[in-house]
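Read off the chains here:
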Amino acid sequence: MRYIEGILAEGEQVVAEIRYHWWFWVRAFVVFVIRAAIIGIIVYLVLDFIAGMESTSKDLYRQVVYGLGALAGLWALLKLAVRVIEFLTTERAVTARRLVYKQGLIARRTAELGLHRIEEINLEQSVLGRILGYGTLSIAGTGGDDRLVLAEVADPVAVRRAIDAQPAASAPNGN
């Protein structure tokens, strides 16, 4: 929360940090394991096929399969790394005056929405999300078509309550 703490106005404080749900990690890891398993199975089946061939180029084919398998494995690892970087470089919080979102390592994307400008907060939860307690919040402000979408939020109902509980959420001047 270094970015958010650095932009707080005098007297402003963070009232709720919007955290990723633990499902964020489980899903990323499960998808990685499934990708790795599929790659492993495909490499095994192709190598088994090559072993049954009567060709003088078996070694070349094996090297190509190992190389393609390694590339596919790197791709799966890269997809996992993207999720890790997303987690480490994203900050989301509700302050007494605004909703703040920051994402990025080298390039930075930020969004701030004054609580008094929030027109609607939509919550989307799948059956699994309801059971495990995570969801996606879609927040729209007045005067624009842009929406701030916060995915895989832990306890999204509590975040919604935290926004609604702030005096700035109901009064245009924050009074």
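Per-chain numbering applies: the sequence of each chain, read as written, is numbered from 1 onward. Given that the model is predicted, a residue must reach a pLDDT of at least 70 before its local features are reported, and side-chain atom pairs must reach 80 or more before they are shown or counted; all residues, however, enter totals for whole chains, interfaces and linings. Only hydrogens and water are set aside when side-chain values are computed; all heavy atoms of the structure are taken into account.

A. Just unusual backbone geometry, in detail. We note that E152 has phi near 55°; this positive angle belongs to a residue other than glycine. Mapping E152 onto the fold places it in strand 7 (residues 147-154). A relative accessible area of 8% means that E152 is categorised as buried. Non-glycine residue D155 carries a positive phi angle of around 50°. By secondary structure assignment, the location of D155 is in the loop between strand 7 and helix 5 (156-165). Helix and strand definitions follow DSSP, with helices as H or I runs of at least four residues and strands as E runs of at least two, each counted in order from the N terminus. Exposure is judged per residue with a 1.4 Å probe applied to protein chains only, and the accessible area is read against the type maximum: over 50% gives exposed, under 20% gives buried, and values in between give partly exposed.

B. Focus on helix 2 (residues 23-51). The end-to-end C-alpha separation of helix 2 is 41 Å, in line with the 42 Å expected for 29 residues at 1.5 Å each. The set of residues buried in helix 2 consists of W23, F24, A28, I39, V43, L47 and I50. Only heavy atoms matter for contacts: two residues are in contact if any of them lie within 4.5 Å across the pair. Residues of helix 2 that are buried sit in contact with helix 3 (58-89), helix 4 (127-132), strand 6 (134-141) and strand 7. Each residue after the first adds 1.5 Å to the expected span of a helix.

C. Quick peek at the sheet that holds strand 2 (residues 90-95). Spatial strand order, 1-2-3-4: 4 strands in an open sheet with antiparallel pairing. Each edge of the open sheet is held by one strand with a lone partner, namely strand 1 (14-17) and strand 4 (109-114). Strand-to-strand twist of the sheet, defined as the mean angle between neighbouring strand axes without regard to direction, takes the value 20°. Two strands are counted as paired when DSSP detects at least two bridges linking them. Of the pairings in the sheet, the one linking strand 1 to strand 2 comprises 3 bridges and is antiparallel in character. Looking at strand 2, one finds that A16 is bridged to V94. Across the sheet, helix 3 is in contact with strand 2 and strand 3 (98-103); its angle to strand 2 comes to roughly 35°. Each axis is a line fitted through C-alpha atoms, taken for helices only over the stretch in contact, and angles between the N-to-C directions span 0 to 180 degrees.

D. Summary view of the layout of surface pockets. Its boundaries defined by the atoms lining it, the second largest pocket holds a volume of some 210 Å³. Two kinds of site are reported from a 1 Å grid over the protein atoms alone, namely cavities, where a 1.4 Å probe fits but cannot get out, and pockets, open sets with protein on both sides within 12 Å along at least five of seven lines, and residues are called lining when an atom falls within 4 Å of a point. Lining the second largest pocket are 13 residues, with E112, L113, G141, D146 and R147 positioned closest to its centre. Elements with a minimum of two residues in the lining of the second largest pocket: strand 4, strand 6 and strand 7. Note on residue classes: Ala, Val, Leu, Ile, Met, Phe, Trp, Tyr, Cys and Pro are nonpolar, Asp, Glu, Lys and Arg are charged, and everything else, Gly too, is polar. Classifying every residue of the lining of the second largest pocket gives 5 nonpolar, 4 polar and 4 charged. Grid points are joined across faces, edges and corners, and a volume is the space filled by probe spheres set on the points.

E. Molecular detail of the packing of aromatic side chains. Stacked, edge-to-face and tilted are the three classes for Phe, Tyr and Trp ring pairs, Trp counted by its six-membered ring, which pair at centre distances within 6.5 Å; planes under 30 degrees apart are stacked, over 60 edge-to-face, the rest tilted. Scanning the entire structure with this criterion turns up 7 aromatic pairs. With a centroid separation of 6.3 Å and an interplanar angle of 15°, the aromatic rings of W23 and Y134 are classed as stacked. On the criterion of sequence distance, the pair formed by W23 in helix 2 and Y134 in strand 6 is long-range, its members being 111 residues apart. Judged by its relative accessible area of 10%, Y134 falls in the buried class. Three or more aromatic residues joined by ring pairs form one cluster here, namely Y20, F24, W25 and F87. Cation placement over rings: the criterion is NZ of Lys or CZ of Arg within 6 Å of the ring centroid and within 35° of the ring normal. Over the aromatic face of F24 sits the side chain of R83, whose NZ or CZ is 4.1 Å from the ring centroid.

F. Representation of the pattern of salt bridges within the structure. Salt bridges are defined by distance alone: a side-chain nitrogen of Lys or Arg within 4 Å of a carboxyl oxygen of Asp or Glu. Tallying each qualifying case throughout the model produces 8 salt bridges. In this structure, R147 and E120 form a salt bridge, with 2.4 Å as the shortest nitrogen-oxygen distance. With R147 in strand 7 and E120 in strand 5 (residues 118-124), this pair connects stretches of sequence that are 27 residues apart. For R147, a relative accessible area of 39% translates into the label partly exposed.

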